[in-house]
Amino acid sequence: MLQSIRNFISYWYFRYLLVTELYMVEKWERTMFHIVLFIVLSVLYIFNTTIMLSLVKLLTSNLFHGGDTLQRDKLVPVMQNSEL
Amino acid sequence: MSGATLEAELYESSSKFLNGDVLASDKEIQHLKKTNGYRQDKYLNGHTLGHKPVERQKRTREVKEHFEPPTLIVAIMTHISFYILMFLGYLSQMLFPPKVIKETNRDGYRPMFDRFTAFYLRYVYRRIKDCWNYPICSVPGSEVVLKERVTNDNGWTFQFTGSKRKCLNLASYNYLGFSENTGPCSEHAIASLYKYGVTTGGTRQQNGTCEIHRQLERLMAEFLGVEDAITFGMGFATNALNIPALIAPGCLVISDEKNHASLIVGIRLSGATVKVFRHNNMKHLEKVLQEAIYYGQPKCATHTPWKKIVIIVEGVYSMEGTIVHLPQVIALKKKYKAYLYLDEAHSIGAMGRRGGGVVDYFGCDPKDIDILMGTFTKSFGSHGGYIAGTKEFISYLRQHSFASAHAWAMAPPLAAQIVSVLETLMGRDGTDEGRRRIEQLARNTRYVRLRLEQIGVIIHGCDDSPVVPILVYLYSKIAAMVRILIEHRIATVGVGYPATPLTQGRIRICLSAAHTKEQLDYALDVIEKVADELGLKYSRRPRDLTPIDYHKIKVYTEESL
């Protein structure tokens, strides 16, 4: 069981190496590429969660809170307020 | 009388002639109409404009061409992975400069060698260098013995291990299996050594011509069905040095985009203008021809016609595995009065019922082709090249070609080998051997192509071409496949960028009459396994999985046409 899982993972890792051309590079280059890839992805993640998300929140808050930043936590649609 | 009425009268009187027509009752004019080259009834498929009606081709084949483009995702992945490779290469070069000799005391000079080429060789090709340039130590017949080697520094240097590995040879251009060191052909070649010696010691014009050269040329002309032929000691030089003798500046060369480097070198040496048409695309060829005739030479006074227009095509394209659409090219050539240069390097011997190349394969008249060129390196198991055509043309070449004047004549044993191969193919040795080999090659080709289609890999080219490229797209897959196949004792050739477009890396299989069904079955089974393992089954075409009976494949019979 464990062996078959290991085989499965190693086979698909081999296929992954093939399609990214990492199969033919040296080991340290492979590691280097994975580190760079990891750094790029994590920076993107941090950027998205901190800056982009807050920016989106700021820009779209008008739709939900009618511009009243104090009532931020009450999710009351603008349309309902204007009808009243 | 006012001017308007005069004009009307003139118009009235000549109205019948405005569209070039004549009064049907006038018999004299009717007669003139016929002798004037105006012969509507003699047009054949709209191909002829000349005075003489052109004989219809007796039989033509439908060439089925396979070209399956990669899916978008495959193309995108190929590009991305290529950039990954480039990035890692530049990174590696920056961090660890290569330990190679550098030019010193060269301040202010530009580097002598192209930087990108050097980078490419060191950081892309070097990594998978073990898949190419394998040293061999046997005759490359149906099997070949590879000398094994190892690398401890990722391809910078290699050491021989001392062991040898016998592999099935799917890499050589040994189409008819004449590359052998036993048998009547090689015996004849060895016997000629005692008569003529190893080399001629001169060029064809200066005491290098032996009796066997004349014999070979007469036999070759007879084999091809033309008046005369001339042979040279080197196939590449046949193209590169003879084209400049035929074409001068002011001529237009219309060349297929996949033409071999030797043709391109020859065209560049000649200094003629080149226009390239898309690979095997007859519509584009016609458009290029029409434009050339409409506009003439661009740098001269308007509408100066070209001195001559030469269409250069190959018979079988070695990288694509495609066959030229010869009947259509001949029709276009006749329509627009252009010359046709046909390079049969890969097709002579390998195609056609008699082994006469694509001309024989399509059943065309060899006299329709102005310049027939070919090499002896592939099917004949020898070396050198030939050009065949009319007597006057060949005499002109004997006088004016650089290869005839300055290049060494073909070594007599090589010529003897070709003579005996030609005699075998023409059935003059009293056996059925030549015919058997041609049919075996055709059957092997059909069989392997059908089986590969069943496996589901993408193959390019025509059904009958003995070069079979299997598309694998990525360098890693080329390298992995070549390595695994060598592990399984099968030798193949991988081809990647820059020899092919970036997104079309491939493994090339060359079939031979020397392969037996058992050998091919073994190779196909291994390829199927490897294709599964590496994910090469890119084809999205529906597959016909009915088993193929090797012995029932029809080749060169009337039904197979």
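Since this is a predicted model, take the numbers as computed values, not measurements.

1. Comments concerning the UniProt feature "transmembrane region" (unreviewed entry) in chain B
UniProt's entry tags residues 71–91 of chain B with the feature "transmembrane region" (unreviewed entry), counted in the numbering of this structure. Helix makes up 95% of residues 71–91 of chain B and strand 0%, with an end-to-end C-alpha separation of 31 Å.

2. Notes on the interface of chain B and chain A
Residue-level contacts link 26 residues of chain B with 17 residues of chain A. Both faces combined, the contact of chain B with chain A buries some 1,900 Å², and carbon together with sulfur accounts for 68% of it. For chain B, the biggest contributors to the area lost against chain A are Leu88, Arg127 and Ser476 of chain B; these three give 26% of the whole. Seen at the junction of chain B and chain A, the total is 2 salt bridges. Residue Arg127 of chain B pairs with Glu29 of chain A through a salt bridge whose shortest N-O separation is 2.7 Å. The tally of links between chain B and chain A comes to 8 residue pairs in polar contact (both at pLDDT 80 or more). Of all elements in the fold, only α3 (72–95), α16 (475–487) and α17 (517–534) of chain B reach the threshold of two or more residues within the side of chain B that touches chain A. Class assignment for the residues of the side of chain B that touches chain A results in 15 nonpolar, 5 polar and 6 charged.

3. Remarks on the packing of helix α1 (residues 2–19) of chain A against α16 of chain B
Interhelical geometry of α1 of chain A versus α16 of chain B gives an angle of 125 degrees and a closest axis separation of 7 Å. With respect to each other, α1 of chain A and α16 of chain B are oriented oblique. Here Leu17, Leu18 and Val19 of chain A of α1 of chain A lie close against α16 of chain B, whose contacting residues are Ser476, Lys477 and Ala480 of chain B. The residue inventory of the contact of α1 of chain A with α16 of chain B, partitioned by class, reads 4 nonpolar, 1 polar and 1 charged.

4. Considering the packing of helix α6 (residues 211–224) of chain B against helix α14 (residues 412–425) of chain B
Residue and element names in this part refer to chain B. Running from N to C, α6 and α14 cross one another at 30 degrees; their axes reach a closest spacing of 10 Å. Compared by their axis directions, α6 and α14 come out roughly parallel. Note that α6 runs across α14; the crossing there is left-handed. Across the interface between the two elements, Ile212, Gln215, Leu216, Leu219, Met220 and Phe223 of α6 pack against Pro412, Ala415, Ala416, Ile418, Val419, Leu422, Glu423 and Leu425 of α14. Residue composition of the contact of α6 with α14, by class: 12 nonpolar, 1 polar and 1 charged.

Cut-off values and rules
- Residues numbered from 1 in each chain as written.
- Chains lettered and ligands numbered in written order.
- Predicted model: local features only at pLDDT ≥ 70, side-chain atom pairs only at ≥ 80, totals over all residues.
- Heavy atoms only, no water.
- UniProt positions renumbered as here; feature names shortened; annotations may be inferred.
- Helix = DSSP H or I, 4+ residues; strand = E, 2+ residues; numbered from the N terminus.
- Contact = heavy atoms within 4.5 Å.
- Buried area = accessible area lost by both parts, 1.4 Å probe.
- Salt bridge = Lys/Arg side-chain N within 4 Å of Asp/Glu carboxyl O.
- Polar contact = N/O pair within 3.5 Å; in protein donor to acceptor, adjacent residues only side chain to side chain.
- Nonpolar A, V, L, I, M, F, W, Y, C, P; charged D, E, K, R; others polar.
- Axes fitted to C-alpha atoms, helices over the stretch in contact; angles between N-to-C directions.
- Parallel < 35°, antiparallel > 145°, perpendicular 65-115°, else oblique.
- Left-handed = near helix turned anticlockwise from the far one by under 90°.

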